[in-house]
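So the chains spell out like this:
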Amino acid sequence: MIRAFNLNSAAALALAVALAATPAAAQDAAQDMAPIQNEDGSITTSQDIVVLGSIGYRNRSEDQAEPVLSYDSEFFQRFEPLTAGDALKRVPSVTFLSDVIESDGARLRGLPPGYTQILINGEKVPGSNADRSFFLDRIPAELIERVEIVRSSSARRTGDAVAGTLNIKLRDGYELDGGYLRAGGLYYDDKELEPSVGGVIGGALGPGRFLLGGNFQGRHNPKKKFSLRYDDSPENNPNFATDDFNNREDQVDTRDGKDYSFNATYDIKGDTTDFSVNGFYVHTDRTEDERSFEYNHPTNINGPIRATPPGNLTVDNANVSTINQDNYSVNGKLAHRWSAGETSLKVGYAYFDEDRFETEYEVEFDRTLPRFTGDQTLTGITDKEFSVRLEHEIALGEDTKLLFGGLWQDKDRDTAITAAPRDRYNLTAANRQGYDQFTRNPTEFARTFGAFAPGPGGLNTIEEKRLDGFVLVEGDMPGVKWEAGVRYETTDLTIDDFTVPAALQRTTNDYARLLPSASLKIDVGARGRVTASVARTSRRPEFNFLSPAELEAELGDNDLIGNPLLDPETAWGFDLGYEQRLGRAGIAGVNIFYRKVNDLIELTNIGGPGSEGAGTFNYQPQNVGDGKVWGIEFDVSTDLGFVGLPDTGVFGNISWLDSKIVDEFGKRRFNGQSEYVYNFGVIQDIPSVGAAFGATYRKQGGAFDRTVGEEVFTTYGADLEIFVEKRFGKSFTIRAVGSNLLNGAKRERFNKFTTIEDQNDRSFDEYELESEKAGPVFQLMARYAF
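Residues numbered from 1 in each chain as written. Predicted model: local features only at pLDDT ≥ 70, side-chain atom pairs only at ≥ 80, totals over all residues. Heavy atoms only, no water.

Along the backbone of the protein there are eight helices and 40 strands. Against the compact-globule benchmark of 28 Å for 786 residues, the protein has a radius of gyration of 28 Å, which places it among compact chains. Once the C-alpha set of the protein is aligned to its principal axes, its extents read approximately 100 × 60 × 50 Å. Expressed as a percentage of the 786 residues in the protein, the buried residues total 54%. Total accessible area on the protein stands at roughly 32100 Å², and carbon and sulfur atoms take up 57% of it. Side-chain charges of the protein comprise 83 positive and 121 negative groups, with the mean position of each set lying 4 Å from the other. (Helix = DSSP H or I, 4+ residues; strand = E, 2+ residues; numbered from the N terminus. Rg over C-alpha atoms; globule rule 2.2 N^0.38 Å. Buried < 20%, exposed > 50% of the residue type's maximum accessible area, 1.4 Å probe, protein only. Areas by Shrake-Rupley, 256 points an atom, 1.4 Å probe, with all protein chains shown as cover. Lys, Arg positive; Asp, Glu negative; His and termini not counted. Charge placed at Lys NZ, Arg CZ, Asp CG, Glu CD.)

The following block contains the structure:
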């Protein structure tokens, strides 16, 4: 969508006359007072953001040869997404395996989150996840100016993008003039009301432009889970539901939190020198409260077995986690244009810190004497990254440029996982007398715990020092854009395990990879375009696989031994697509992709017996085998002006996804890859009354995971969202939004096994059917521009 900043006609005429009549110095002063424009020749005013004058559509990237899908905030805003993850539910090929009404770990093309590179303002950010992914629900949608899906890779960026890259561009001073306030609330199915308040202001300040933004968001997710567990499965016994019933679990799972976020930018654009500094900060306070009841009957909810009269409750479990997270990033850039081209220097620092305190208290009633068990765990993760990037660009001719540069990065990740000694004792007749699970809680039986101590691998630090260099040639000729380059990435890795203070275990490793890439865009026919790209990319090992610790009975009854000498996975891949402009601002596109993943990191049986004795084994992650990923993606986003409906916008996309891996049990997809994902929607604007309404519908296909000791089949119900909007003048808008209107459900089927032999022979330790549901969420949001 092309945005316009319009001066009124009188002011525009006065400014034009003044510039024509005044001396050069006066002209410069007058130009300094005018709003500075974006690359598309416009600047966004606060009124443009609050009162949308038209429907937002997907943009076609014009800047570079890479295949990029670009979505401005106008594409998402009317549905009032809370987070970047919520916004990305509407774009092609992005799936999630999150809990219902949550969108955290983005899985581009259905691959696990670690295969997708997440950038904020073009820079990587650390997170808490062991697979190096960054949860997108940490970024409030209100901070976003634009989201880019970069389908292939380029030598100008780090190559950690097997599935592709998601670049989240935050608002800056050159993309906003004025300010606005946003306030409202969210009403949940359990009658909880959460506030949402934010504001942004931007404009000229001294020789440059600034932007300041802040947001406070109450977070709430009430879910209900229901599980049925059996001693065998329908694979072996068609009558398993009656013959093999073991227990039922009813669970209430509530996530409550508060997010506080701030971002700021300051930019100066001079004749020969540009300077910018930007930063964002997000603080989260979150509580995850799970309460579970296990019964020995498929439907009854009577009290404990050891009660008078006896009931059906076998286990009462209370599991609570309190989480504090701080995430911030600061980046500065200095660019200078001189006779030999343009040189830019970027310096950045990113920081992530998480502290988690988890308690799990349980009472077992299916014993002669009911027993209390209590566990407490402390988890601390700190991840820091400091980087320096130097690049130079020089013209080789009228249509060709040479870019080259380097990156130095120092990454330090500290992990501390400690636990108190388990507290376990039998309850007396007095303290269990009259126990009612609906009015009492296992927490009341907790006693004072002992000192916290780390388990195997619980205290470790990982330091990565990388030095990259790249060279890239790009051309921009009439109707053709192209680039070709190569990136060389080197990494020195040091892992320290402090679990036993007197016996520090240090391991070092280093590796280097050459990553070529090339992209091409060719205009064809009437506003059509062909895009093609090929690239080699990589995926670095997960942090939890690098620790050399041995975790007993981590995989069923099998042990897991870390491997600090793991190398990255690498992948060769290509994308081939076609885009067609439609009407005034619409676009349709189709793309096919393929990836061949080498040095795949898979858990490998390195022999036995394991700690549990005969029939069990030791497993270690190793670079073994290969994998393939392929699919086709289609998207359309346009108004219906060609049929006489210029104020009606439609959008939709569908992706068919597939892959192949061969593990020790046979063929499978990459774990968690959905078979398909699609969404479509419509927005109807009614300019005559200053109103609009619309709806979007999304569905994600089933996914399968297989690891040693467990197999999981996951399906999701459809998601429907509807909004209604009323605009008042040029500065005020109110929106009502309903989401999860189909009471979204997540259903999982678990096959669990004790040993490898059991998994091959299909001898089940447990077969579980689990469903998770959440009700609709309603928002009422008001925006005011000033």
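Mapped onto the elements, Gln 117 comes out in strand S5 (residues 116–120). Those residues in contact with Gln 117 that sit more than four places away from it in its chain are Lys 124, Arg 157, Thr 158, Asp 160, Ala 161, Gly 164, Thr 165 and Leu 166. (Contact = heavy atoms within 4.5 Å.)

Another aspect to go through is the pattern of salt bridges. Taken as a whole and assessed by the stated rule, the structure comprises 86 salt bridges. In this structure, Arg 371 engages Glu 364 in a salt bridge whose closest nitrogen and oxygen atoms are separated by 3.1 Å. Given a relative accessible area of 16%, Glu 364 falls into the buried group. Between Glu 766 and Lys 752 there is a salt bridge, with the nearest N and O atoms lying 3.2 Å from each other. Here Glu 766 is found in strand S39 (residues 766–773), whereas its partner Lys 752 is found in strand S38 (residues 745–752), with 14 residues between them in sequence. (Salt bridge = Lys/Arg side-chain N within 4 Å of Asp/Glu carboxyl O.)

Attention now moves to the nonpolar core. Counting 47 residues, the largest nonpolar core has Leu 136, Leu 166 and Phe 670 as the members making the most contacts within it. Within the second largest apolar cluster, 13 residues are counted, among which are Tyr 295, Val 363, Tyr 435 and Phe 445. (Core = buried A, V, L, I, M, F, W, Y, C linked by side-chain atoms within 4.5 Å.)

Turning our attention to the environment of Phe 449. Of note, Phe 449 is situated in the loop between strand S18 (423–426) and strand S19 (453–477). The residues contacting Phe 449, other than those within four sequence positions of it, are Tyr 361, Gly 374, Asp 375, Gln 376, Ala 420, Pro 421 and Asp 423.

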